[in-house]
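The chain contents come next:
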Amino acid sequence: MGLIILLSLITLGWVLIFIGSIVVFFFIVPLPDLLEGRIGSFITAIFKALLAVLLVSGFTLLLREVSYRALYFMLRRKKKI
Amino acid sequence: MSPLEFTLPLTLSFLLCLGLTKFLIKYYNRHNRFVIDYHKPNNPKVAFPGGISLIASLCLSNFFLYLFTKDIRILAILLVTLIAGIVGIIDDFYILGGKVKPALTILASIPILLFSTYDIYLQFPLFGSTRLSIIYPLLIIISIPVTSNVVNSIDVFNGVLSSFMILASLPLLIALMLKAQFILVTSALILILSCFAFFIYHRYPSKIFPGDSGALALGASFGALAIVGDVEFVGLVALLPAIINSFFFLTSVKDFLEHRQLKKKPVRLNIDYELEALEDRDAPLSLVRMIVAEKPLKEKDIVKRILIISAYSSALAIVTAIIMYTKWV
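Predicted model, so just to flag it, every value in this text is computed and none were measured.

Trainee: I would appreciate a short explanation of unusual backbone geometry in the present structure.
Mentor: With the exception of glycine, most residues fall at negative phi, and the peptide bonds are largely trans. All names here are of chain B. Cis geometry marks the peptide bond from Phe48 to Pro49; its omega dihedral reads 0°. A cis geometry characterises the amide bond from Tyr204 onward to Pro205, with omega recorded as -10°. Along the chain, Pro205 falls in the loop between helix 8 (182-202) and helix 9 (211-228). One non-glycine residue, Asn42, lies in positive phi territory at about 70°. Classification of Asn42 by relative accessible area gives exposed; the value is 77%. A positive phi angle, close to 50°, is found at Ser116, a residue other than glycine. As for its placement among the helices and strands, Ser116 is situated in the loop between helix 5 (110-114) and strand 3 (121-124).

Trainee: Sorry, what's going on with the interface of chain A and chain B here?
Mentor: One frequent convention defines the size of an interface as the accessible area lost when the parts assemble. Each partner contributes to the interface: chain A provides 36 residues, whereas chain B provides 42 residues. At the boundary of chain A with chain B, total buried surface from both sides reaches about 3600 Å², with 79% on carbon and sulfur atoms. If you look at where chain A meets chain B, you find zero salt bridges. The tally of links from chain A across to chain B stands at two residue pairs in polar contact (both at pLDDT 80 or more). Contributions of two or more residues to the side of chain A that touches chain B are made by helix 1 (2-28) and helix 2 (37-80) of chain A. If one sorts the elements of the side of chain A that touches chain B by residue count, helix 2 of chain A sits on top with 18 residues. Class assignment for the residues of the side of chain A that touches chain B results in 25 nonpolar, seven polar and four charged.

Trainee: What should I look at first to understand the sheet that holds strand 5 (residues 267-269) of chain B in this one?
Mentor: Strands pair in a sheet through their backbones, by hydrogen bonds, and they do so in one of two ways: parallel or antiparallel. The three strands lie next to each other as 5-6-7 (chain B), forming an open sheet whose pairing is antiparallel. On the outer flanks of this sheet lie strand 5 and strand 7 (297-298) of chain B, each paired with one strand and no other.

Trainee: Can you help me understand the environment of Ile5(A) in this one?
Mentor: All names here are of chain A. Along the chain, Ile5 falls in helix 1. Using a relative accessible area of 14% as the deciding quantity, one classes Ile5 as buried. Ile5 sits 47 residues away from Ala52 along the chain, and the two C-alpha atoms are 28 Å apart. Ignoring anything within four residues of it in the chain, the contact list for Ile5 reads Ala70, Phe73 and Met74.

Trainee: It is not clear to me how the pairing of strand 3 of chain B should be interpreted in this structure. Could you clarify?
Mentor: Each regular strand carries side chains that alternate between the two faces of the sheet. Residues and elements named next belong to chain B. Across the two faces of strand 3 the burial differs, with Leu122 and Phe124 buried and Tyr121 and Gln123 not buried at all. Bridge count for strand 3 against strand 4 (residues 128-131) is four bridges, and the pairing is antiparallel. The residue of strand 4 that forms the bridge with Leu122 is Thr130. The turn linking strand 3 back onto strand 4 is made up of three residues, and Leu126 within it adopts a positive phi angle of 75°.

Trainee: What is the right way to read the pattern of salt bridges from this model?
Mentor: Oppositely charged side chains can form a pair if their charged atoms are brought close together. All names here are of chain B. On inspection of all chains with the given rule, the structure shows eight salt bridges over all chains. For Asp212, the salt bridge is made with Lys101, and the minimal N-O distance between the two is 2.8 Å. Highlighted residues: Asp212 in helix 9 and Lys101 in helix 4 (residues 100-105), separated in sequence by 111 residues. Exposure class is identical for Asp212 and Lys101. Each is buried. Salt bridges sharing partners connect three or more residues here, namely Asp37, Lys40 and Glu299.

Trainee: How do you make sense of the side chain of Asn158(B) when you look at a structure like this?
Mentor: Residue and element names in this part refer to chain B. Within the secondary structure layout, Asn158 lies in the loop between helix 6 (135-153) and helix 7 (160-178). Owing to a relative accessible area of 2%, Asn158 belongs among the buried residues under this scheme. Within the structure, Asn158 has its side chain in polar contact with the side chain of Lys40 (distance 2.5 Å). With near-sequence residues (within four places) excluded, Asn158 lies in contact with Asp37, Lys40, His202, Tyr204, Pro205, Ser206, Phe209, Glu299 and Val303.

Trainee: Help me understand helix 9 of chain B, please; the structure alone is not making it clear to me.
Mentor: Structural remark: α-helix, 3.6 residues per turn; residues separated by three or four positions point the same way. Residue and element names in this part refer to chain B. Helix length check: helix 9 (18 residues) gives 26 Å between terminal C-alpha atoms against 26 Å at 1.5 Å per residue, within 8%. Counting buried positions along helix 9 gives 18 out of 18 residues, so the element sits mostly inside the fold. Looking at the residues trailing helix 9, positive phi occurs at Asp230, about 60°.

Trainee: Would you take a moment to explain the confidence of the model for chain B for this structure?
Mentor: Parts of the model with low pLDDT should not have their predicted coordinates read in detail. Here chain B averages 90 in pLDDT, while 96% of its residues score no lower than 70. Predicted complex, confidence summary: ipTM 0.87, pTM 0.92.

Trainee: I'm lost on the nonpolar core in this one. Help?
Mentor: Within soluble globular proteins, side chains that are nonpolar generally end up buried alongside one another. Ile291(B) and Ile302(B) are the most contacted members of the largest nonpolar core, which totals 113 residues. In contact with Ile291(B), not counting residues within four places along its chain, are Leu6(A), Leu297(B), Ile302(B), Arg305(B), Ile306(B) and Ile309(B).

Conventions used here
- Residues numbered from 1 in each chain as written.
- Chains lettered and ligands numbered in written order.
- Predicted model: local features only at pLDDT ≥ 70, side-chain atom pairs only at ≥ 80, totals over all residues.
- Heavy atoms only, no water.
- Helix = DSSP H or I, 4+ residues; strand = E, 2+ residues; numbered from the N terminus.
- Buried < 20%, exposed > 50% of the residue type's maximum accessible area, 1.4 Å probe, protein only.
- Contact = heavy atoms within 4.5 Å.
- Buried area = accessible area lost by both parts, 1.4 Å probe.
- Salt bridge = Lys/Arg side-chain N within 4 Å of Asp/Glu carboxyl O.
- Polar contact = N/O pair within 3.5 Å; in protein donor to acceptor, adjacent residues only side chain to side chain.
- Nonpolar A, V, L, I, M, F, W, Y, C, P; charged D, E, K, R; others polar.
- Pairing = 2+ DSSP bridges.
- Expected span 1.5 Å × (residues − 1).
- pLDDT = per-residue confidence, 0-100.
- Core = buried A, V, L, I, M, F, W, Y, C linked by side-chain atoms within 4.5 Å.

Following this line, the structure appears as structure tokens:
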């Protein structure tokens, strides 16, 4: 059971990578420049990077939350056994 | 590439790593250079650090490959491995600490930037590539410290690091073959063969531990190969168990700490020499704590489970490689 939960977590991580790449490819990368000129492009690139970091952080927290729940579920099972 | 140019670096990587590891075990045992393996009864002494043989075989084999091919990407991989390996050797002999070590591994990403051996068009799964001219170089600066330190974080039991790296490198090899990047395929094979030679002495029960020198060099070499080969997503999926382990640890400890600096350990050793998960809510989350959460396990069983998870992750990475690099039309 424990191993199945861990393999499911890896699968969830894999799915999140794909979802993340869809979000980055279709929503973050095509964003137009916030300002004109080279500095505008640079600022937009940094802004896009921050959005991507935010997305990765969100996914990491989601994975962590699911993992903690799985951990406590397994610890409760151990007590019952 | 002629058969000689292909086979010489490969043969050298395997034989050099095998011979040098055997020599290091004898040398360290003669000079009392060892660490104690606390997970076994009688606490056996294990030779340490064996990473020097991995660094030597990876660098020398890649050097010959570079001489034959004159491919600058191979020189970049070689230098990345060497710099990360040197940081690891310093850490093995004079403990650098949880913050200095990742900071120093940033230096290892310089050769990739210096030789411009990267593609600013990042390839995404399913949808194609996109231009990241400003962000991608910044990502490279973070990537090598990330790959080297997450690989280091999984080096917790006998044989795990070397076998994990063999399994994680297979998807890279397949992805590079699908992209027809045969010089880099040879470099990936060098990585796999070096790990395999080291695994012969590192497998349970270990005769030698790689130390941070081995772990950082292997992780950096893997990261460099993924970047210069433009197969970053495949590498990311293959490293998932190590990445998840590191992020669990970082987000629960909320600091860059070495295991020896932890106030509360994620697992403890019971009198039967089995590892069991701590029920304390403040104990850090780690892959091993999750593995032993349901029942206490012996080291050998934990290693088996880590390898099952790694093999599964590698299978997902191979699927990713097939999705990304197979021409469907």
